[in-house]
Amino acid sequence: MPMRVVRELASAFQEEIQKASSVIIGTHLNPDGDALGCALAFSLYLDSIGVENEVLCHHKAPRNLEFLPKVDQVQQEAKKDHYDLGVILDLDAMDRLGRTEQFFGTCKRLIVIDHHIPHNKPGDLRIVDSDSPATAVILTRLLMEIGADITGPMATCLLTGIVTDTGSFRFRNTTPDALSVSAYLLEQGGDLNKISEEVFQNKPLSAARLLGRVLETMKLACDDRLAWSSISIQDFQHSGAKDEDTEGFVNEILSIMSVQIAVLLREPKPGKVRVSIRSRGDLDVAEVARDFGGGGHKNAAGCVFELPILEVEERLVRRLKVCLESS
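This write-up is about the structure you can find in this document. Per chain, residues are indexed from 1 in the order of the written sequence. Residues qualify for local features only when their pLDDT is at least 70, as the model is predicted, and side-chain atom pairs are given and counted only at 80 or more; totals for whole chains, interfaces and linings, by contrast, use all residues. Calculated side-chain values reflect all of the structure's heavy atoms, with hydrogen atoms and water omitted.

**Quick notes on the environment of Val137**
Only DSSP runs of H or I with at least four residues qualify as helices, and only runs of E with at least two residues qualify as strands; both kinds are numbered from the N terminus onward. With respect to the secondary-structure elements, Val137 resides in helix α4 (residues 135-145). On the basis of relative accessibility, which here comes to 2%, the residue Val137 falls in the buried class. The sequence separation of Val137 and Met94 amounts to 43 residues, and the corresponding C-alpha distance is 21 Å. Classification of residues uses two cut-offs on accessible area relative to the type maximum, computed with a 1.4 Å probe and protein chains only: under 20% is buried, over 50% is exposed, and between them is partly exposed.

Structure (structure tokens):
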């Protein structure tokens, strides 16, 4: 995003904050590091300038993000009936707020800050850059532009967003801007060692065993360019692992030399299947996910089904084979 545009949006962003006496902050279902990191960093900023606020999320923080500052104050329901301003972070469609969506409908004004290609375009002020590697990069630039005092805890939250969405700076979306913003956050006290240990090096034994099963039962097609694996509800029960413990599993499948598209299907409870899709190069898996009501980025997308897991697998594999054949 050009700096001129950043300055214009930051000015409008600051004006909205200055007019608000109460703010509600939201993000998407099953929050990741970018979602929670941004929400908590912004909440900490509002605390520092004396603006009443609270963070809402349909789901509680996953185990590997419980280290984030102020994470224990994330709520599933609002404490008040009305808020002056709603700020939604890392969200491409309102329905992904889950049961917290109702609370944002009462806000006088609504701001959306995001880096996804939008499904719809809510918000009185929209600050969206689909070329940004993480919403945390956008939010950091906004806070820098308005002269916010970014403290160590805020920096750790924002850096978590960048580190998780870039896969510790390994993914194709790692831009010069992501690295320069991360360097700035480190200077402000962001704890990269803590982030790396908690997010990537702290899995329970049950998760390791489940990953072994995922790789052992993996299937391949299209000259080994397409790989997928499924985790049934029985697999979860047998291993003792939770759905949140599967974070990063799909990237392990994609790390195989021949694989260009990797898919992980999870059935955390009967009748619901969550799908994560990753790809290399110019293969657009977000387009595939959108065909099934999902979305995401070109090389990282997902969708949810309410169908038997074998039927989901059949439909997805058929569509992904077409994606590969047309590339």
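**What to know about empty space enclosed by the protein**
A pocket here means an open set of points on a 1 Å grid, computed over the protein atoms alone, that has protein on both sides within 12 Å along at least five of seven lines. A cavity is instead a set of points where a 1.4 Å probe fits but cannot get out; residues with an atom within 4 Å of a point line either one. Grid points are joined across faces, edges and corners, and a volume is the space filled by probe spheres set on the points. Evaluated as defined, the whole model comprises 1 cavity of 30 Å³ or more. Reported here for the largest cavity is a volume of approximately 40 Å³. When contributions to the lining of the largest cavity are tallied by element, the ones reaching two or more residues are β4 (109-114) and β5 (125-128).

**Side note on the sheet that holds β5**
Pairing between two strands is assigned when DSSP locates at least 2 bridges connecting them. Reading across from one edge, β2-β1-β3-β4-β5 is the order of the 5 strands in this open sheet, with parallel pairing throughout. Each edge of the sheet is formed by a strand with only one pairing partner; in this case those strands are β2 (52-56) and β5. Sheet twist, expressed as the mean angle between neighbouring strand axes with direction ignored, is 15 degrees. Inspection of the sheet shows strand β1 (residues 22-26) paired to β2 by 5 bridges, in the parallel sense. Bridge assignment links Ile25 to a residue of β2, and that residue is Val55. Strands in contact with helix α1 (residues 3-19) are β3 (85-89), β4 and β5; relative to β5, the strand with the most contacts, it is inclined by about 135 degrees. Only the stretch in contact is used when fitting a helix axis, every axis being a line fitted to C-alpha atoms; angles between N-to-C directions are given from 0 to 180 degrees. Two residues qualify as a contact provided that any one of their heavy atoms is within 4.5 Å of a heavy atom in the partner residue.

**A few points about the pairing of β5**
Side chains Leu125 and Ile127 project from β5 onto a buried face, and the interleaved Arg126 and Val128 project onto a face without burial. Where β4 lies against β5, 4 bridges are found, and the strand directions are parallel. Counterpart to Ile113 in the pairing with β5 is Ile127.

**Here we look at the sheet that holds strand β6 (residues 219-221)**
Pairing is mixed in the open sheet, where 6 strands are placed in the order β6-β7-β8-β9-β11-β10. Bordering the open sheet on either side are β6 and β10 (295-297), each of which pairs with just one other strand. This sheet shows a mean twist of 15 degrees between the axes of neighbouring strands, independent of strand direction. Pairing of strand β8 (residues 261-269) with strand β9 (residues 272-279), which is carried by 7 bridges, proceeds in the antiparallel orientation. When the sheet's bridge partners are listed, Arg266 is paired in β9 with Arg274.

**Describing α4**
With 8 of 11 residues buried, α4 lies mostly within the body of the structure. Residue Gly147 follows α4 closely and has a positive phi angle near 75 degrees.

**Quick word on helix α6 (residues 176-187)**
Relative to the 16 Å expected for 12 residues at 1.5 Å per residue, α6 spans 17 Å between its end C-alpha atoms, a close match to the ideal helical length. Burial in α6 covers these residues: Ala178, Val181, Ser182 and Leu185. The arc that holds every buried residue of α6, seen down its axis, measures 105 degrees, which confines them to one face. Among the exposed residues of α6, those oriented more than 90 degrees off its buried face are Pro176 and Glu187. Packing partners of the buried residues in α6 comprise α4 and α5 (152-165). Positive backbone phi, at 110 degrees, marks Gly189, one or two positions downstream of α6. The length a helix should cover is 1.5 Å for every residue beyond the first. The directions from the helix axis to the C-beta atoms form the arc being described.

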